[in-house]
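Per-entry structural report
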Amino acid sequence: MGRLKLQSGIKAIEEEPEDYDTTYSNRATLACMINSEVGAVLAVMRRNVRWGGRYMSGDDQLEHSLIQSLKALRKQIFLWQNQWHTINPAMYLQPFLDVIRSDETGAQITGVALSSVHKILTLDVIDQNTVNVEDAMRLVVDAVTSCRFEVTDPASEEVVLMKILQVLLACMKSKASVMLSNQHVCTIVNTCFRIVHQAEKKGDLLQRVARHTMHELVRCIFLHLSNVDNTEHALVNRTGTAKQELGGIDNNYAFGAKQAENGNGSEYDGQTPSGSFASNGSAGLVATVREESNGKETVPYDLHLMTELYGVPCMVEIFHFLCSLLNAVEHVGMGPLSNTLAFEEDVPLFALGLINSAIELGGPSFRRHPRLLSLIQDELFRNLMQFGLSMSPLILSMVCSIVLNLYQHLRTELKLQLEAFFSCVILRLAQGKYGASYQQQEVAMEALVDFCRQKTFMVEMYANLDCDITCSNVFEDLANLLSKSAFPVNCPLSAMHILSLDGLIAVIQGMAERIGNGSVSSEQAPVSLEEYIPFWMVKCGNYNDPSHWVPFVRRRKYIKRRLMIGADHFNRDPKKGLEFLQGTHLLPDKLDPQSVACFFRYTAGLDKNLVGDFLGNHDEFCVQVLHEFAGTFDFQDMNLDTALRLFLETFRLPGESQKIQRVLEAFSERYYEQSPQILANKDAALLLSYSLIMLNTDQHNVQVKKKMTEEDFIRNNRHINGGNDLPREFLSELYHSICKNEIRTTPEQGFGYPEMTPSRWIDLMHKSKKTAPFILADSRAYLDHDMFAIMSGPTIAAISVVFDHAEHEDVYQTCIDGFLAVAKISACHHLEDVLDDLVVSLCKFTTLLNPSSVEEPVLAFGDDTKARMATVTVFTIANRYGDYIRTGWRNILDCILRLHKLGLLPARVASDAADESELSADPGHGKPITNSLSSAHIQSIGTPRRSSGLMGRFSQLLSLDTEEPRSQPTEQQLAAHQRTLQTIQKCHIDSIFTESKFLQAESLLQLARALIWAAGRPQKGSSSPEDEDTAVFCLELLIAITLNNRDRIVLLWQGVYEHIANIVQSTVMPCALVEKAVFGLLRICQRLLPYKENLADELLRSLQLVLKLDARVADAYCEQITQEVSRLVKANATHIRSQMGWRTITSLLSITARHPEASEAGFDALLFIMSDGVHLLPANYVLCIDTARQFAESRVGQAERSVRALDLMSGSVDCLVRWAHEAKEAVGEEDAAKMVQDIGDLWLRLVQGLRKVCLDQREEVRNHALLSLQKCLIGVDGIHISQGLWSQCFELVIFTVLDDLLEIAQGHQKDYRNMEGSLILAMKLLSKVFLQLFHDLSHLSTFCKLWLGVLSRMEKYMKAKVRGKKSEKLQELALELLKNILIVMKTRGVLIQRSALGGDSLWELTWLHVNNIAPSLQSEVFPDQDPEQSLHKHGETGSETASVPSNETTTPEGAGAGG
């Protein structure tokens, strides 16, 4: 169908000959072909008697001129030597055309001649470069359209008509067709249409061929539209030439071939018996349109334009003619004269089909030609609106196809027309209201779904109509319609429901696809109006730039919503309504008439009675509003009755005459201002308006019996036009208009879908000139957030209901696609509540939340495709869009718990994916190995134990040895089970928890809360095994996500801790739940301490919960708890810095000291901390010493461990020494002194701890403790212990231990064995420490008291009775030690006789005591000195003492030690 564009210039001419040579290399071939055609025509002519013989007249001419010219062509044809395109085609076409034109030839001869012309045209011999091609083509058209022949029988006539159609089509398809004039193209179409019309009375084949040809012609012509240059030719005023040029058809379409009186003649040229095309014009092309198109005529083209090469002028005429066919249907064919054409369906369908072809091929090119465009905008669309409501589904379907094509190509020019089409046709029909049949509903819905499948359709409807205050909310209405129509209410699912669903999902998927294209601004700035701007004047800077129009339409939508709310307020109380709008800056703070008038004019949903009352009020402000209101109308070039109809549609005319007067005055003033035409002044307009209102009441009020006649009406309106009469035709037209079509003074209220009346159409055409430009949406998601917010609720509901009712898998799949698209959009636009609603809805379909009444829920689930699909979808959404799920986690968890109860979860779900080493071999729950009582071991009474894990479930299905005999599973059962397993695998439930580290904080928190909620509150006393199993499982999951989110532990910690605390504090018996809680807590601490130093205290404090365990529970798990604590300490000792943290750890370890199973692990941990002092710190020193002491005192286990504990204690002195040394180096003097003091305090705590162990019942431990104490007291050179501390040490530690031991020894306690040895060690300790520290002690102010303490202990030990008798060993040792001490004191010059008064107290006291113990000692120590002589030696000895070198102290020490 495509043809070459009209080429120009040398290049085209040069190239053409080659073209011919390639097609027919041999010129002779073409000559032969034409020759054979001449032969064929002559042969047929010879068979006819008239042409066969010679003429016998006296004429010279022996043969008829037709035969002669054919023979002459034969002679010449082989003589032509030139290229074919240089030969004038008229030379070889003319003889054939003469035969066609001749009325002497019969149908058969004409038919053959037509075939010959057809053949020559299709040989491609003639194209636009051929010589004189223009004349030749026009000759052909003129001849064929004026074809005459005699009709002998109907069949031959049909053949000729078909061949005429063939030739005309060949002309249009030929390369040379571009040389035809506008006039000729019109003639071709007209001729073809006449044959179509005539064919109705003839055979079926001719009818079909004629219609097909008409279609092809229209396609050829409008395909050429894109090649026509965009020059709009001059228009001329209406002149007489228009009628001549455009001819006319008689009104009942009875035109075509007329039989001659004698029955054997046929003229096929309409009404003109002879003559060429020039006088005939394009007869009939414009049909009845001039008379019928509402009294308006399209300005015809000037005649000289019609003779130019064909282009826009002929297309305008043809398109106008096609539209007029639709007009004709309204008027023609309804009366008694209607011919055989089935007008109800046939003609409109034919015309619509042709129009559709024209639009398909002309497409966007229509936009460049204003006359064609205005035909589409007005006449075509008006007819489409009318035929859209036709009862014929076929017509409706074709109308919808045309509108879809118009939307594709010309939507920017058809904004209000499209709105009207959807409001007045699609929405009316698809709802099934207003008496539409099911077929109409279905066609309308199919059309709507086709529109929905256009990706930008809904966005453009929303941006252009919903966001325009003067338009209706088409997007919202269509979305609601689709949602409602998908709902099966008390009926099974039908094709209509599925169709609506398809449309809905197409819209949703369009939005989902746009998400990937950028510009999804999740947080769109909310619109608000800061100050008053006249809302009807808001304009956009650039309708093509999204950065301009997006905020503009969102703002307009905001204004529109506010106006609707204002209307609602106004309908309840007008005053409050206006105040509300002032509050939202839509009306100014001081009301002005214009703003109120615009509010009334542009706001939908106002109560029209209230508006009428307001406008009719006599108050001055109301009168001003009324005049401003009238000023918003455009009555330019409108009939008075049309203008009045439009005006009175916007409010209800009040009943009082004064109010009516005021309203009509305002109307008349405005009307006269804009359309004076016939009226002399505004008073004439007022009187005539009144008159029309009265006529309207008279004609359409049932109570008026005697109706006004036309004459009455004309008489009533005499002399009203400035004293003169109005033209009779003018009044007559008004009269008939009112009689035929009532002016409704009580307009429809509310938001129904209005009918398109002629007056409304005129108004629409006026508005369309002023409306804002059409915004074209691209593939980015600018407004999807707002649109989706409007339609998400009904959409989810609709898809859910269909999914619920559906029974076929393809419908399930459609619904699932919809659900996933909704989820994607909700997530990307951050509409969490929508996503939650969706999850809730889907979870219902999984059947997992239903109380299980089915015997075999697993098999039932396997057989339920819908439930399986829903389950996979829920978990797909949870995995993909979990970030935006909030309360929906609860429902998802309910599903998971149900699967868990059925034993269908993979073993890994509850395990913490971050720690492979801790996965247990138990396939049920992936618990740590420490589980001693997994929930799988709790058997529910009376039912076989549920196997855990997938394989367990499967083996149970196959097993035969359950409690009751069970038959072998059937094939179906196995298949169902297999399907169940596959479904669960597809869900990837475990990744919800393992991937929780990627969840947004808010979602993660909600997931954790949902887990805590699902676990339920722990009950004191017994709960059912099933509840406990659930609680354990939830706790496992909670711990898993806690461990997976160590970086965000702060977020989760509070909730997790409180939950575990609840469990610990409410459990009184060992059970799986408390076990999981305690070990979970330990694992959390173990794993998180290295990462969260700032939380270390918080984490460790939580372990105090373990200390709060009920005694029975603590006892059951003590060993495992200790192992975990030990593991925690070993892994994280370096991360525990605070005293509080260590206090918790050491408290836990201390408890284990007395537990048979746990003490080993506890001691192991302590060993790790204290060995070599690696992990000892000033912060934990005292705590560790205390714990070690408890292990030393513990009778659990071997004494050897107590000894090791004592070694740990004594070994820790090295730490103190090291710290003291570091302190000196690191800090200044002042700080160092403070540090030394602190270290001294720690040392005192150490020796005090050892003192307690020295009283142990076990000899080995007791004695080792004494030695350890001795070591700690002596080995403190590196620590500068203050003198005060030493006196404290003697008082609190050394003397106390000696006293206590002696008390025990003398107390005859059977538990203590061999106390003598311990007393000996204690004595040695006293002596050694005293001598070792003598230098320091001797300077103490309390030295005398201290020395007396030593002496008194010596005395007690000398006299001590062990087991009732004195101990010789003890006596000997005491004596020897005392002697050593005295010698040292003597050597150091401390124990000497002094002369000063009172100065000898030490000397005297010493001997007083010593003499009590052993009187002989004084003479032994001071053999060379009587008591009296001692005074003389004082100075000497003093000086001697002073010069004793410090290293001499080693001798007495050695002696002491040796003793």
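Note that the coordinates shown come from a computational prediction; the quantities given were computed from them, not determined experimentally.

**Digging into the overall build of the protein chain**
Scanning the protein chain from N- to C-terminus turns up 66 helices and five strands. A buried classification covers 54% of the 1459 residues belonging to the protein chain. Put simply, of all contacts in the protein chain between residues at least 6 apart along the chain, 77% involve residues at least 24 apart. Surface summary for the protein chain: the accessible area is close to 62,500 Å², and the carbon and sulfur share equals 51%.

**Here's the deal with the nonpolar core**
Judged by nonpolar contacts, the single largest core of 465 residues is most densely connected at Tyr-92, Phe-319, Phe-600, Ile-892, Phe-993, Trp-1243 and Trp-1347. Here this core gets 13 residues from one element, more than from any other, and that element is helix α58 (residues 1283-1306). Residues in contact with Trp-1347, not counting those within four places in the same chain, are Phe-1330, Leu-1378, Ile-1381, Leu-1382, Met-1385, Leu-1402 and Thr-1406.

**Re the side chain of Ser-826**
Among the structural elements, Ser-826 can be located in helix α36 (residues 809-828). What makes Ser-826 buried here is its relative accessible area of 0%. There is a polar contact of 2.6 Å between the side chain of Ser-826 and the backbone oxygen of Val-822. For Ser-826, the contacting residues outside a window of four places in its chain are Phe-788, Leu-831, Val-834 and Leu-835.

**Describing the environment of Ser-668**
Topologically, Ser-668 is positioned in helix α30 (residues 657-674). Placed 13 residues apart in sequence, Ser-668 and Asn-681 show a C-alpha to C-alpha distance of 9.3 Å. The contact partners of Ser-668, leaving out residues within four places of it in the chain, are Lys-682, Ala-685, Leu-686 and Ser-689.

**A few points about helix α34 (residues 758-770)**
If you check α34, its first and last C-alpha atoms are 19 Å apart, about what 13 residues at 1.5 Å a residue would give, namely 18 Å. Taken residue by residue, α34 has Ser-759, Arg-760, Trp-761, Asp-763, Leu-764, Met-765 and His-766 as its buried positions. Those residues of α34 hidden inside the fold are in contact with α17 (370-388), α19 (415-430) and α29 (640-649).

**Quick word on unusual backbone geometry**
For His-585, which is not a glycine, the phi torsion comes out positive at approximately 65°. Looking at the secondary structure, you find His-585 in the loop between α25 (574-583) and α26 (593-602). When its relative accessible area of 25% is taken as the criterion, His-585 is described as partly exposed. Although it is not a glycine, Thr-847 adopts a positive phi angle of roughly 65°. As for its position among the elements, Thr-847 is in the loop between α37 (832-845) and α38 (857-863). The exposure class assigned to Thr-847 is partly exposed, which follows from its relative accessible area of 28%.

**Topic: the pattern of salt bridges**
Tallied over the full model, the rule gives 44 salt bridges. Put simply, Asp-784 and Arg-514 hold a salt bridge, and the shortest N to O gap is 2.9 Å. Separated by 270 residues along the polypeptide, Asp-784 in helix α35 (residues 784-805) and Arg-514 in helix α23 (residues 495-515) bring together distant segments of the chain. Taking the relative accessible area as the measure of exposure, Arg-514 reaches 5% and is therefore buried. With its nearest N and O atoms 3.3 Å apart, the salt bridge here joins Glu-1124 to Arg-1127. On the criterion of helical spacing, the pair formed by Glu-1124 and Arg-1127 is a turn pair, its members being three residues apart in helix α50 (residues 1111-1132). Arg-1127 gets classed as partly exposed once you look at its relative accessible area, which sits at 41%. Each of Glu-200, Arg-211 and Asp-346 takes part in one network of salt bridges that share partners.

**Observations concerning the packing of α17 against α19**
The contact between α17 and α19 brings their axes to 10 Å, and the two run at 10°. Considering the angle they form, α17 stands roughly parallel to α19. Residue-level contacts link Gln-377, Phe-381, Met-385 and Gly-388 of α17 to Gln-417, Leu-418, Ala-420, Phe-421, Cys-424, Val-425 and Leu-429 of α19. Partitioned by chemical class, the residues of the contact of α17 with α19 number eight nonpolar, three polar and no charged.

**A word on the environment of Lys-997**
Position of Lys-997 relative to the elements: it lies in the loop between α43 (989-994) and α44 (1001-1015). The spacing of Lys-997 and Asp-1047 is 50 residues in sequence and 8.5 Å in space, taken between C-alpha atoms.

**Quick look at the packing of aromatic side chains**
Using the criterion set out here, one finds 45 aromatic pairs in the structure. For the ring pair Phe-599 and Phe-600, a centre distance of 5.8 Å and an interplane angle of 40° mean the geometry is tilted. Judged on exposure class, the residue Phe-599 and its partner Phe-600 are both buried. Connected via pairs of aromatic rings, a cluster forms that spans Phe-629, Phe-633, Phe-635, Phe-647, Phe-651, Phe-667 and Tyr-671. Across from the ring centre of Phe-350, 4.7 Å away, lies the NZ or CZ of Arg-211, which sits over that ring.

**Here we look at helix α6 (residues 107-122)**
Since the α-helix turns once every 3.6 residues, residues separated by three or four places project in the same direction. With 16 residues, α6 ought to run about 22 Å at 1.5 Å a step, and its terminal C-alpha atoms sit 22 Å apart, in line with that. Of the positions making up α6, those classed as buried are Ala-107, Ile-109, Thr-110, Gly-111, Val-112, Ala-113, Leu-114, Ser-116, Val-117, Ile-120 and Leu-121. Following α6 by one or two positions, Asp-124 adopts a phi angle in the positive range, close to 65°.

**Focus: the packing of helix α54 (residues 1199-1211) against helix α55 (residues 1213-1226)**
Pairs of packed helices are described in terms of their axes, by the angle between the two and the distance that separates them. The contact between α54 and α55 brings their axes to 4 Å, and the two run at 15°. Relative to α55, α54 is oriented roughly parallel. Residues Met-1209, Ser-1210 and Gly-1211 of α54 touch α55, and the partners they reach there are Val-1213, Asp-1214 and Cys-1215. For the contact of α54 with α55, a count of residues per class yields three nonpolar, two polar and one charged.

**A word on the state of the cysteines**
This structure, assessed with the given rule, holds zero disulfides. Just so you know, Cys-1184 is unpaired, no disulfide at all, and the nearest cysteine sulfur is the one on Cys-1215, 9.7 Å from it.

**Topic: the confidence of the model for the protein chain**
Averaged over the protein chain, the pLDDT score is 81; the fraction of residues at 70 or greater is 83%. A low-confidence stretch, residues 1-25 stays under pLDDT 50, and its non-local contacts, those more than four residues away or across chains, total 41 contacts. Contacts for the low-pLDDT stretch residues 951-964, under 50 throughout, to residues beyond four places or in other chains number 26 contacts.

**A closer look at the environment of Ile-195**
Following the sequence through the fold, Ile-195 ends up in helix α9 (residues 182-199). Residue Ile-195 is classed as buried on the basis of its relative accessible area of 0%. Considering only alpha carbons, one finds Ile-195 and Met-214, 19 residues apart in sequence, at a separation of 9.6 Å.

The rules behind the values
Residues numbered from 1 in each chain as written. Predicted model: local features only at pLDDT ≥ 70, side-chain atom pairs only at ≥ 80, totals over all residues. Heavy atoms only, no water. Helix = DSSP H or I, 4+ residues; strand = E, 2+ residues; numbered from the N terminus. Buried < 20%, exposed > 50% of the residue type's maximum accessible area, 1.4 Å probe, protein only. Contact = heavy atoms within 4.5 Å. Areas by Shrake-Rupley, 256 points an atom, 1.4 Å probe, with all protein chains shown as cover. Core = buried A, V, L, I, M, F, W, Y, C linked by side-chain atoms within 4.5 Å. Polar contact = N/O pair within 3.5 Å; in protein donor to acceptor, adjacent residues only side chain to side chain. Expected span 1.5 Å × (residues − 1). Salt bridge = Lys/Arg side-chain N within 4 Å of Asp/Glu carboxyl O. Axes fitted to C-alpha atoms, helices over the stretch in contact; angles between N-to-C directions. Parallel < 35°, antiparallel > 145°, perpendicular 65-115°, else oblique. Nonpolar A, V, L, I, M, F, W, Y, C, P; charged D, E, K, R; others polar. Phe/Tyr/Trp six-rings, centres within 6.5 Å; stacked < 30°, edge-to-face > 60°. Lys NZ or Arg CZ within 6 Å of the ring centre and 35° of its normal. Disulfide = S-S within 2.5 Å. pLDDT = per-residue confidence, 0-100.

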